[in-house]
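Survey of secondary and tertiary structure
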Amino acid sequence: MLVSRGSRTAALAACATILLATSACGSDKPEETTAQPARLYGTDGNMLNSFPAELKDRADLVNGMKGTTPATPLPDEFKSRLQSVDPKLDDYLYSAETYDAIVISALAAQLAGSTDSGKIAQQIVGVTNGGERCENVAACMTLAQAGQDIEYRGVSVTRSGFTDAGEPATTSYATLHFDNQRLNDGKTEFVGAGDESAASTKAPPKASKQGKDSVPGTPLVIAGLFPKTGDLALAYPPMAAGATLAIEEVNAAGGVLGKKVTWLEGDDGASATKAKATVAELIRDGAEVIIGAASSGISLAVLPETVQAGKILFSPSSTDDGLTTAEDKGLFFRTAPPDSLQGRALADVILRDGSQRIAIVARKDSYGEGLQAVVKTELEKAGIAGDRIKQLTYEPQEGESAPPVDFATGAEEVKDFGADAVLVIGFGESAQVIRALADAGVKIGN
């Protein structure tokens, strides 16, 4: 459990003790593990109900697969509101984080009394800390219109607010399980992570009060940089639903500065080239706040572009630790927690199953390699010897016409290593990695 550092350390230490007592940790020989099934684990990019379809006729390979994703228990009432804008919605990954990013941006603009991105940015962290607490758009917007400092608590922002760096001080993770090619909600567990004392205590600039005679300002333009196409397209429906719902509810509460918020949407295509072109177009069309990108690699690629233009980039799902300290001139924010927290959660899940030889396969980008490194570090802290952890990467392919991921050689390495646990860090394309493992004779099972 990750409710506290002490309890997490104790749990990992206990798992490590079991491992040390039942295995020769200093040995390279996998005699006893080669015949064992390899438990399969995933992360937020592939633990979705839509993922098994990527495996086509091999969809049964996901049965028993476990993984983690940043998530809080979503109220049924919120899910119903999402279903009202997309009745076909089958996943909720990052829908709450997308919703909160837009609501926070709108409230910050109202408090700033301006739709200028620089002034909005000065209010964003303060929206989540230190004022009068409010928990829905209508109530929060009423307070903001009156010039009242607020402390927004929404769907994903629940326990505490943002740090000085503009990201969650605390979060929670869901441990997910695939059964019968679907996530089994009955097995989902939630664990807390982070430190409430890390929340910012800095006071924002004095809030602007919107009087009865105030002249409506320039409409606030918020844009989405979402993965409509590409390897992360699986995450698009819930993010789009969260965005649509947030815009509808902000405008129903009176909009920002007396005018309805304008929503634009662009495709990042899981491609840096395409994302940069989309960002340039959104900025030309007047976007002051860009909600995205979905992946860390794309956020890192477009951040210099948005900073140079003086616009806000607010990601609901980019988790790379490096974004915390990226050169952003105070213009990058995220409702997604950094991977330093998810790495601990993943290591905990793997250790609970008593795995002895662990292969960590990651897409070769800032998200995959960053999370891979954190998980390895956490496993070693728990007592897993470095020679019992194997790290491999694969090159993700850009563009719909790109050839499939080639992981045949890597799959043979996993087999020869005698892994009894394989963590696959990737997006939709990671299905090709799982197929390659099975084709190489790695017995996948739990």
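A few points on the structure. Here the structure is a predicted model, which means the values were calculated and not measured.

Here's the deal with the state of the cysteines
By the definition in use, this model includes one disulfide. Two residues, Cys-134 and Cys-140, share a disulfide whose sulfurs are 2.1 Å apart. For the disulfide bridge between Cys-134 and Cys-140, the dihedral angle about the S-S bond is near 115 degrees, and by the sign convention the bridge is right-handed. Both residues of the pair, Cys-134 and Cys-140, count as buried.

Looking at the sheet that holds strand β11 (residues 312-315)
Across the sheet, which stays open at both edges, the five strands sit in the order β9-β8-β10-β11-β12 with parallel pairing between neighbours. With one partner strand each, in any of the chains shown, β9 (262-267) and β12 (332-334) form the two edges of the open sheet. For this sheet the average axis-to-axis angle between neighbouring strands, irrespective of direction, equals 25 degrees. Direction of pairing for strand β10 (residues 289-292) relative to β11: parallel, over a ladder of three bridges. The residue of β11 that forms the bridge with Ile-290 is Leu-313. Those strands touched by helix α3 (residues 95-112) are β8 (221-226), β9, β10 and β11, and its axis lies near 165 degrees from that of β10.

What to know about the pairing of strand β15 (residues 421-425)
Burial analysis of β15 places five of its five residues in the buried class, which makes it a mostly covered element. Burial along β15 is two-sided: Ala-421, Leu-423 and Ile-425 and Val-422 and Val-424, pointing in opposite directions, are all buried. Here strand β1 (residues 39-42) pairs with β15 via three bridges, running parallel. From the neighbouring strand, Tyr-41 faces β15, where its bridge partner is Leu-423. The pairing of strand β13 (residues 358-363) with β15 spans five bridges and is classified as parallel. Directly across from Ala-362, in β15, lies its bridge partner Ile-425.

Observations regarding the pattern of salt bridges
Across all of its chains, the model carries 23 salt bridges by this definition. Note that Glu-151 and Arg-153 form a salt bridge whose closest N and O atoms lie 3.7 Å from each other. Taken as a pair, Glu-151 and Arg-153 share a single burial class, namely buried. Where Glu-429 meets Arg-363, a salt bridge forms, and the shortest distance between an N and an O atom there is 3.1 Å. Within this pair, whereas Glu-429 is found in the loop between β15 and α12 (430-439), its partner Arg-363 is found in strand β13, the two being separated by 66 residues in sequence. With respect to burial, Glu-429 and Arg-363 carry one shared label: buried.

Comments concerning the side chain of Gln-110
Within the element layout of this structure, Gln-110 appears in helix α3. Judged by relative accessible area, which is 1%, Gln-110 ranks as buried. A distance of 2.8 Å separates the side chain of Gln-110 from the backbone nitrogen of Leu-257, its partner in a polar contact. Sequence-distant contacts of Gln-110, that is, excluding residues within four places in its chain, are made with Met-141, Ala-144, Gln-145, Ser-208, Gln-210, Gly-255, Val-256 and Leu-257.

Calculation notes
- Positions within a chain are numbered from 1, following the residues in the order the chain's sequence is written.
- pLDDT decides what is reported in this predicted model: residues at 70 or higher carry local features, side-chain atom pairs at 80 or more are listed and counted, and totals for whole chains, interfaces and linings draw on all residues regardless.
- Side-chain numbers here rest on the full set of heavy atoms in the structure, without hydrogens or water.
- We call a pair of cysteine sulfur atoms a disulfide whenever their separation is within 2.5 Å.
- Using a 1.4 Å probe on the protein chains alone, a residue whose accessible area is under 20% of its type maximum counts as buried, one over 50% counts as exposed, and one in between counts as partly exposed.
- Here the rule is simple: two strands pair whenever DSSP picks up at least two bridges between them.
- In this description a helix means any DSSP run of H or I spanning at least four residues, a strand means any run of E spanning at least two, and both kinds are numbered starting from the N terminus.
- Every axis in this analysis is a line fitted to C-alpha atoms, fitted for helices over the stretch in contact. Angles between the N-to-C directions lie between 0 and 180 degrees.
- Here a residue-residue contact requires only that any non-hydrogen atoms of the pair lie within 4.5 Å.
- Basic side-chain nitrogens of Lys or Arg form a salt bridge, by our definition, when they fall within 4 Å of a carboxyl oxygen of Asp or Glu.
- Here a polar contact means two N or O atoms within 3.5 Å. Within protein one must be a hydrogen donor candidate and the other an acceptor candidate, and residues neighboring in sequence count only if both atoms are side-chain atoms.

By themselves, these figures tell us nothing about what the structure is for.
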